[in-house]
Amino acid sequence: MKKGNGLCDVCKGAQPIYRQVYSGVSFCDSCFKKSVEKRVRKTISRYSLLREDDRILVAVSGGKDSLSLLKILAKIEKTYPRASLVAVSIDEGIPGYRDEALRLAADMCRRLGVEHRVYTFEDLFGVGLTEAMSRGILSRLGLGACSLCGVWRRKAISLAARELKATVVATAHTLDDIVQTYLMDILRGEFPKAPIGLRREGNGIIPRVAPLRLIPEEEVVLYAYLSRVPFQETPCPNAQNSQRDLVRTFLAQFESRYPGSLFAALKTIESRIVPREEALTPCQVCGEPASKTICRACELESQVSRLSGEMGQLVRANIGVDDV
Ligand code: SF4
């Protein structure tokens, strides 16, 4: 393709608004959006992520990635009459942060005609995240906010998927998210055990797929802006200083200096992953497939609930409630 005439390299007629540094191609507004949608379709077909009769649960946080994914999947779903979509948002109980995201998610679902359901930590696990932090429960467990939140969010999505009879869960993990996770595993001394976001059946698990796995984060942001997808721009107050935040900053700087590094890392790491069939058995508490007798989410739920009870007793003793 001859490039550099000052016009979009795809349609050759409009002014470019974005240059894809790793490929050298410049796109106009319309060709860029079409290119993202086309690449998502190709990713779905290349890895057989979705089936024609799937009931797809889309995990929607209200951020740019998940709302863009929902918009793209709603377009694709129209061409598959036997498939259906349901959007699920998880409210972790972070006042002042999640409320706006939930409103944006609900608005987008209404516009697209997609059913939207919200599940809360409070209902599912008995306590919201900020409350667990402010009561000192997380610090006593030696956990950061994201450690509890990540495990419970995953569990909440699985419970929602069962309740809503979803056959697959689509998450909005981008290329950046996936490489970050692989790198975090490696930095903790573990090589990734399975590729992220590829459809794996069996073991009673509802498969999770990531149709944006080959789209860089900055392109998802641009897609959201150009497609006029209103999304929450404020980051979670707990995101700063998390392990992921450090890795994200490093990878973003590296990619900006050496374009194409994220694709190279994904390809190299995934070519060396040897997926192992984990022997999973139903968790003795909730029945979800687990690698131990009790799944991590239930384990944490019981620890949080015990500490919550102990701290309640302590408060009551200090103010003399039990003596009244
Ligand atoms: Fe939860 Fe951490 Fe994400 Fe905030 S940044 S929503 S605490 S996982």
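Procedures and definitions
- Residues numbered from 1 in each chain as written.
- Predicted model: local features only at pLDDT ≥ 70, side-chain atom pairs only at ≥ 80, totals over all residues.
- Heavy atoms only, no water.
- Salt bridge = Lys/Arg side-chain N within 4 Å of Asp/Glu carboxyl O.
- Helix = DSSP H or I, 4+ residues; strand = E, 2+ residues; numbered from the N terminus.
- Buried < 20%, exposed > 50% of the residue type's maximum accessible area, 1.4 Å probe, protein only.
- Phe/Tyr/Trp six-rings, centres within 6.5 Å; stacked < 30°, edge-to-face > 60°.
- Axes fitted to C-alpha atoms, helices over the stretch in contact; angles between N-to-C directions.
- Parallel < 35°, antiparallel > 145°, perpendicular 65-115°, else oblique.
- Left-handed = near helix turned anticlockwise from the far one by under 90°.
- Contact = heavy atoms within 4.5 Å.
- Nonpolar A, V, L, I, M, F, W, Y, C, P; charged D, E, K, R; others polar.
- Near = heavy atom within 4 Å.

### Re the pattern of salt bridges
Counted by the stated rule, this structure contains 24 salt bridges. Among the ionic pairs, Lys33 bridges to Asp29, the shortest N-O distance being 3.2 Å. With Lys33 and Asp29 both in helix 1 (residues 29-46), this residue pair falls four residues apart, about one helical turn. The class for Asp29 is partly exposed, based on a relative accessible area of 30%. In this structure, Glu190 and Lys193 form a salt bridge, with 3.5 Å as the shortest nitrogen-oxygen distance.

### Remarks on the packing of aromatic side chains
For the coordinates displayed, the defined rule picks out nine aromatic pairs. Here Tyr18 and Phe32 contribute two aromatic rings whose centre-to-centre distance is 5.1 Å and whose plane-to-plane angle is 70°, an arrangement assigned as edge-to-face. With Tyr18 in strand 1 (residues 18-20) and Phe32 in helix 1, the pair connects residues that are 14 residues apart, well separated along the chain. Relative to Trp152, the ring of Phe125 lies with its centre 4.4 Å away and its plane at 15°, an arrangement referred to as stacked. Residue Phe125 is located in helix 4 (residues 121-125), and its partner Trp152 is located in helix 7 (residues 145-163); the two are separated by 27 residues in the primary sequence. Take Phe125 and Trp152: they sit in the same class, and that class is buried. The rings of Tyr18, Phe27 and Phe32 are connected pair by pair, giving a single aromatic cluster.

### Observations regarding the packing of helix 8 (residues 175-187) against helix 11 (residues 261-272)
Close contact between helix 8 and helix 11 brings their axes to 10 Å; oriented N to C, the two are set at 55°. Judged on the interaxial angle alone, helix 11 and helix 8 are oblique. The handedness of the crossing between helix 8 and helix 11 comes out as left-handed. When helix 8 is examined against helix 11, the residues Leu175, Asp176, Ile178, Val179, Tyr182 and Ile186 are found in contact with a partner set consisting of Leu262, Phe263, Ala265, Leu266, Ile269 and Glu270. Tallied by class, the residues present in the contact of helix 8 with helix 11 amount to 10 nonpolar, no polar and two charged.

### Some words on the site of the ligand
Near the ligand the following residues occur: Glu92, Arg98, Leu129, Cys146, Cys149, Cys236, Asn238 and Ala239. The class makeup of the residues in the shell around the ligand is five nonpolar, one polar and two charged.

### Thoughts on unusual backbone geometry
A positive phi angle, near 60°, is found at Lys165, a position not held by glycine. The phi angle at Arg228 is positive, at roughly 55°, despite the residue not being glycine. Looking at where Arg228 falls in the secondary structure, it is placed in the loop between helix 9 (217-226) and helix 10 (243-257). Since its relative accessible area comes to 67%, Arg228 is described here as exposed.

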